[in-house]
Amino acid sequence: MGARRRGGGRKATAEDRYRTAEYLRAVDIDERAVETLREHVRESGLSEFLTADEIRSKANRVGDLSDIARDL
């Protein structure tokens, strides 16, 4: 069993942080939550596997796809 944290639960392992980072790269994040999530990434162990700039909202992703389609 993993080490326990003061607030309960176990401490996230490197594998946990890696898998969370992969999930956050793939998921559409609500525009209102982007800055809060970026701040969390900067201040946590997630920054080992994910940069704050990799957190993108759905609107950003759609805009990027529109730019790609326009360039084709």
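Residues numbered from 1 in each chain as written. Predicted model: local features only at pLDDT ≥ 70, side-chain atom pairs only at ≥ 80, totals over all residues. Heavy atoms only, no water.

Asks: Would you mind going over the pattern of salt bridges with me for this structure?
Replies: Working definition: two side chains of opposite charge can pair if their charged atoms are close together. Taken as a whole, this structure holds 6 salt bridges when the rule is applied. Salt-bridge contacts for Glu48 lead to Arg17; the nearest nitrogen and oxygen are separated by 3.2 Å. Here Glu48, found in the loop between helix 2 (34-43) and helix 3 (58-71), pairs with Arg17, found in helix 1 (residues 14-26); they are 31 residues apart in sequence, far enough to count as distant. Taking the relative accessible area as the measure of exposure, Glu48 reaches 54% and is therefore exposed. Classification of Arg17 as buried rests on a relative accessible area of 19%. (Salt bridge = Lys/Arg side-chain N within 4 Å of Asp/Glu carboxyl O. Helix = DSSP H or I, 4+ residues; strand = E, 2+ residues; numbered from the N terminus. Buried < 20%, exposed > 50% of the residue type's maximum accessible area, 1.4 Å probe, protein only.)

Asks: How do you make sense of the environment of Glu15 when you look at a structure like this?
Replies: Along the chain, Glu15 falls in helix 1. The exposure class of Glu15 is partly exposed, given its relative accessible area of 46%. On a C-alpha basis, the gap between Glu15 and Phe49 in space is 10.0 Å, while along the polypeptide they are 34 residues apart.

Asks: Which parts of the structure should I look at to understand the nonpolar core?
Replies: It is characteristic of soluble globular proteins that their nonpolar side chains tend to be buried jointly. Grouped together as the largest cluster of nonpolar side chains are 8 residues: Ala21, Leu24, Ile29, Val34, Val41, Leu46, Leu50 and Ile55. Residue assignment for this core shows that the elements contributing at least two residues are helix 1 and helix 2. (Core = buried A, V, L, I, M, F, W, Y, C linked by side-chain atoms within 4.5 Å.)

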